[in-house]
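A look at the structure
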Amino acid sequence: VTDPENYSGGGTNFVEPLRTVSERVNGLVREGKFRLPEIVMVTDGEASIPNVSELHDLKLNVVQVGEYGLVEDLAKLAEASGGVNIDATTDRRNN
């Protein structure tokens, strides 16, 4: 995907997309189409981070990538939801 409208250069807002996907997936759970849904998010960590309650009991797994180090709040959100955080960052600020 190379549409420049999808890449603002940082500060991605994940609150609304995660809220929307959790509502849709939970609807599918109520219909019996999913049993134990999980969300996987890959990010450079520069993001607006929602409250765990906005995930509506969905498990969030986060893979943090990029050159600017781990975002602890994002790791805590994943863990609070019952998911995992994978630190695949390469913090180059101190090199």
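Before going into details, it helps to say that this report is about the structure given with it. Keep in mind the model is a prediction, meaning the values are calculated, not measured.

Thresholds applied
Residue indices begin from 1 for each chain and proceed along its sequence in written order. Residue-level local features of this predicted model are given only where pLDDT is at least 70; pairs of side-chain atoms are given and counted only at 80 or more, and the full residue set underlies all totals for whole chains, interfaces and linings. The basis for every side-chain value is the complete set of heavy atoms in the structure, and neither hydrogens nor water enter the calculation. Every helix listed is a DSSP run of H or I at least four residues long, and every strand listed is a run of E at least two residues long, numbered separately from the N terminus. Burial here depends on accessible area, computed with a 1.4 Å probe over protein chains only, as a share of the maximum for the residue type. Under 20% is buried, over 50% is exposed, and the range in between is partly exposed. Throughout, a residue-residue contact means that at least one pair of heavy atoms, one from each residue, lies within 4.5 Å. Think of a salt bridge as a Lys or Arg side-chain nitrogen and an Asp or Glu carboxyl oxygen that are within 4 Å of each other. Like-charged residues are merged into a patch within 9 Å and nonpolar side chains (Val, Leu, Ile, Met, Phe, Trp, Tyr) within 5 Å, provided each residue has over 30% relative accessible area and no salt bridge. Method for areas: the Shrake-Rupley scheme with a 1.4 Å probe, in which residue coverage is limited to the protein chains shown. One bridge is not enough; two strands pair if DSSP finds at least two bridges between them. Inter-axis angles, ranging from 0 to 180 degrees, are taken between N-to-C directions of lines fitted to C-alpha atoms, where helices are fitted over the stretch in contact.

Helix and strand content of the protein: two helices and five strands. Each helix and strand of the protein, placed in order from N terminus to C terminus, yields the pattern β-α-β-β-β-α-β. Put simply, the protein has 95 residues, and 32% of those count as buried. Sequence-distant contacts in the protein: of pairs separated by 6 or more residues, those separated by 24 or more amount to 45%.

As a further point, take the pattern of salt bridges. Per the stated rule, a full pass over the model turns up four salt bridges. In this structure, Glu 16 engages Arg 19 in a salt bridge whose closest nitrogen and oxygen atoms are separated by 2.6 Å. Here Glu 16 pairs with Arg 19, and both are found in helix H1 (residues 15-30), just three residues apart, close to one helical turn. You can call Glu 16 partly exposed: its relative accessible area is 42%. Where Glu 38 meets Lys 59, a salt bridge forms, and the shortest distance between an N and an O atom there is 3.8 Å. Remark: Lys 59 occurs in strand E4 (residues 59-66) and Glu 38 occurs in strand E2 (residues 38-43); sequence separation between them is 21 residues.

A few words on a nonpolar patch on the surface. The grouping of Val 40, Val 42 and Val 65 at the surface amounts to a nonpolar patch, some 250 Å² of accessible area in total. Topologically, Val 40 is positioned in strand E2. Val 40 gets classed as exposed once you look at its relative accessible area, which sits at 59%.

What follows is about the sheet that holds strand E5 (residues 85-89). Sheet strands pair via backbone hydrogen bonds, and the direction of the pair is either parallel or antiparallel. Reading across from one edge, E2-E4-E5 is the order of the three strands in this open sheet, with parallel pairing throughout. Among the strands making up the open sheet, the edge pair consists of E2 and E5. For this sheet, the mean inter-axis angle between neighbouring strands, taken without regard to orientation, is 10°. In the sheet, E2 pairs with E4 via six bridges, with the strands oriented parallel. Its bridge partner being in E4, Met 41 is matched across the sheet by Val 62. Of the strands in this sheet, E2, E4 and E5 touch helix H2 (residues 72-80), which is tilted by about 155° from E4.

Read these as spatial facts, not as claims about activity.
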